[in-house]
Amino acid sequence: MSGGQPSPYEFSEADTCREYVTPAIQAAGWGNSPFEIAEQRSFTDGRIVLSGRSAKRRESKRADYLLRCRRDLTIVVVEAKPFKTPAGDGLQQAKNYAEILGLNFAYATNGREIIEFDFLTGIERKVDRYPTPDELWLRHTTGTALANRSGPAKLNS
């Protein structure tokens, strides 16, 4: 690249998130109230490991992104990897996090590719963009027994 700009293939995961992932998530309508983007969120305490008479806590599990229809309703986890890493390398981790959190949608990305896993259908696929909050809410409510199918914005009423 010209002007001394680093190649995206030299980007760290944080660089990839800043330059590619966050803008793509925002372009789908996430981050506009009430649809929140929670970045780098720990969602478990680290496991306690006993060693003799002492105990140490290991690292907690931390999602790169949690997408919420409102502050208390998370429906998506996104696991990001550096630009040079295959997006699929983060899919199992995203699926594990989604299962722990009881979410129906898991995404893995490297900023170039987005892979979706839908727990409602069991389908894994590459997608060109992140779904909008309304699109995911419709899929979520269609696949579950939720009564309020009017859309995520109505949840705040």
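Bear in mind the structure is a predicted one, so any value in this text is a computation, not a measurement. (Residues numbered from 1 in each chain as written. Predicted model: local features only at pLDDT ≥ 70, side-chain atom pairs only at ≥ 80, totals over all residues. Heavy atoms only, no water.)

1. Observations regarding the overall build of the chain
Then step 1. Helix and strand content of the chain: three helices and eight strands.
Then step 2. What you see in the chain, going N to C, is helices and strands ordered as α-β-β-β-β-β-α-β-β-β-α.
Then step 3. Within the chain, the fraction of its 157 residues that count as buried is 39%.
Then step 4. Look at the contacts in the chain between residues 6 or more apart in sequence, and 49% of them connect residues 24 or more apart.
Then step 5. A total of about 9,000 Å² of accessible surface is found on the chain, and carbon and sulfur atoms cover 47% of it. (Helix = DSSP H or I, 4+ residues; strand = E, 2+ residues; numbered from the N terminus. Buried < 20%, exposed > 50% of the residue type's maximum accessible area, 1.4 Å probe, protein only. Contact = heavy atoms within 4.5 Å. Areas by Shrake-Rupley, 256 points an atom, 1.4 Å probe, with all protein chains shown as cover.)

2. Some details on unusual backbone geometry
Most peptide bonds take the trans form, and the phi angle of most residues other than glycine is negative.
Then step 1. The amide bond that connects Ser 33 to the next residue, Pro 34, takes the cis arrangement and shows omega of 10 degrees.
Then step 2. Relative to the elements of secondary structure, Pro 34 occurs in the loop between α1 (13–27) and β1 (36–42).

3. Concerning the pattern of salt bridges
Then step 1. The tally for this structure, following the rule as stated, stands at eleven salt bridges.
Then step 2. Among the salt bridges present, the one from Lys 81 reaches Glu 79, with a minimum N-O distance of 3.5 Å.
Then step 3. A salt bridge links Arg 139 to Glu 116, with the nearest nitrogen and oxygen atoms 3.0 Å apart. With Arg 139 in helix α3 (residues 133–143) and Glu 116 in strand β7 (residues 114–118), this residue pair connects regions lying 23 residues apart in the sequence.
Then step 4. Given the relative accessible area of 2%, Glu 116 is considered buried.
Then step 5. Salt bridges sharing partners connect three or more residues here, namely Glu 116, Asp 118, Arg 125 and Arg 139. (Salt bridge = Lys/Arg side-chain N within 4 Å of Asp/Glu carboxyl O.)

4. Describing the pairing of strand β6 (residues 105–109)
Then step 1. Counting buried residues in β6 gives five out of five residues, a clear majority hidden from the surface.
Then step 2. In this sheet, β6 lies alongside strand β5 (residues 73–80) in parallel orientation, the contact comprising five bridges. Its bridge partner being in β6, Ala 80 is matched across the sheet by Thr 109.
Then step 3. For the crossover that starts at β5, traverses helix α2 (residues 91–101) and ends in the parallel β6, the hand is right-handed. (Pairing = 2+ DSSP bridges. Right-handed = clockwise from strand over helix to strand, strands pointing away.)

5. Quick notes on the nonpolar core
Then step 1. The biggest cluster of nonpolar side chains holds 20 residues, and the ones touching the most others in it are Ile 25, Trp 30, Val 76, Val 78, Tyr 107 and Tyr 130.
Then step 2. Elements with a minimum of two residues in this core: α1, β4 (62–70), β5, β6 and α3.
Then step 3. Examining the composition of this core, we find that four residues originate from one element, β5, more than from any other.
Then step 4. Setting aside anything within four residues of it in sequence, one finds Val 78 in contact with Ile 25, Asp 64, Tyr 65, Leu 67, Tyr 107, Thr 109 and Tyr 130. (Core = buried A, V, L, I, M, F, W, Y, C linked by side-chain atoms within 4.5 Å.)

Such coordinate-based values are descriptive only and should not be taken to indicate function.
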